[in-house]
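Analysis of the macromolecular model
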Amino acid sequence: MSLMPQRRESPAEGQRWKTELIESRIQDPEGLTEFLLKQTSRTFALNIQVLPVGLRQQIRLAYLFCRMADTLEDDTDLPPAEKIPLLEQFRNLFPPAQDWESSLTAFLSRVPMSWRTADRWDHLLVAHAGWVFPQLEKFPEGSQRAISDCVREMSDGMIRFTEKQVRQGGGMVLIRTMQDLDEYCYYVAGTVGNMLCGLFNLHSPL
């Protein structure tokens, strides 16, 4: 099976999506997630094309949730002490509870206001998560659990490393030993591998 190259979106298409986000008038939330994946990933959006449609939708959404957590942790303008409650609130959105809408509203109220109209797509993704998160509820319970377990564990790891940064007085050197490196790699990549195995298993005919 060959991989078709990604179609490059025109600046006009990007501006259209951004305008619809800012004006809160998204007509096609699933189409939005497809577009956001291409804007916030390098090769992931290419590889995902070979997957069956149902699995592709679930992994696309899962990637975007992981990207949100990564954006919160990596942003250099957010003070470490502010990242921790943001990551905690984000983590607690998973799995979706009965009051997920109010929890999501509370989380989004803490996201920097400037991200809602930012030039960076990863900032826009986080600030407008209200268009992405509801799609998780449409998946079967097993798939919701596999995605939620990954996002929660990844967020827990990011919180631990951010707390370490706070204890160091804001220092950026968080990986000093092989154990630190192994732990960090697990949280940012190993958790995703576990999730993919879970989703593949759920979709396997075997």
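Residues numbered from 1 in each chain as written. Predicted model: local features only at pLDDT ≥ 70, side-chain atom pairs only at ≥ 80, totals over all residues. Heavy atoms only, no water.

1. Some thoughts on the confidence of the model for the protein
The predicted model of the protein has a mean per-residue pLDDT of 90, with 93% of residues at 70 or higher. Across the protein, the element-wise mean pLDDT spans from 84 in helix H3 (residues 44-47) up to 97 in helix H7 (residues 121-127). Here residues 1-6 is modelled with pLDDT under 50, and outside its nearest four sequence neighbours on either side it reaches 11 contacts, counting other chains as well. (pLDDT = per-residue confidence, 0-100. Helix = DSSP H or I, 4+ residues; strand = E, 2+ residues; numbered from the N terminus. Contact = heavy atoms within 4.5 Å.)

2. Quick word on a nonpolar patch on the surface
On the surface, a cluster of nonpolar side chains totalling about 290 Å² of accessible area is made up of Ile175, Met178 and Leu181. When you line up the elements, leucine 181 lands in helix H9 (residues 178-203). Assessed through its relative accessible area of 34%, leucine 181 is described here as partly exposed. (Patch = residues over 30% accessible without salt bridge, like charges linked within 9 Å, V, L, I, M, F, W, Y side chains within 5 Å. Areas by Shrake-Rupley, 256 points an atom, 1.4 Å probe, with all protein chains shown as cover. Salt bridge = Lys/Arg side-chain N within 4 Å of Asp/Glu carboxyl O. Buried < 20%, exposed > 50% of the residue type's maximum accessible area, 1.4 Å probe, protein only.)

3. Describing unusual backbone geometry
For the peptide bond that leads from phenylalanine 94 to proline 95, omega is -10°, which places it in the cis range. Take proline 95: it is sitting in the loop between helix H5 (80-91) and helix H6 (100-110). Although it is not a glycine, serine 24 sits at a positive phi angle of roughly 50°. If you trace the backbone, serine 24 turns up in the loop between helix H1 (11-22) and helix H2 (29-40).

4. Re the side chain of arginine 60
By secondary structure assignment, the location of arginine 60 is in helix H4 (residues 53-74). Looking at arginine 60, the relative accessible area reads 6%, which means it is buried. What arginine 60 contacts, discounting residues up to four positions off in sequence, is Glu30, Thr33, Glu34, Leu37 and Ile48.

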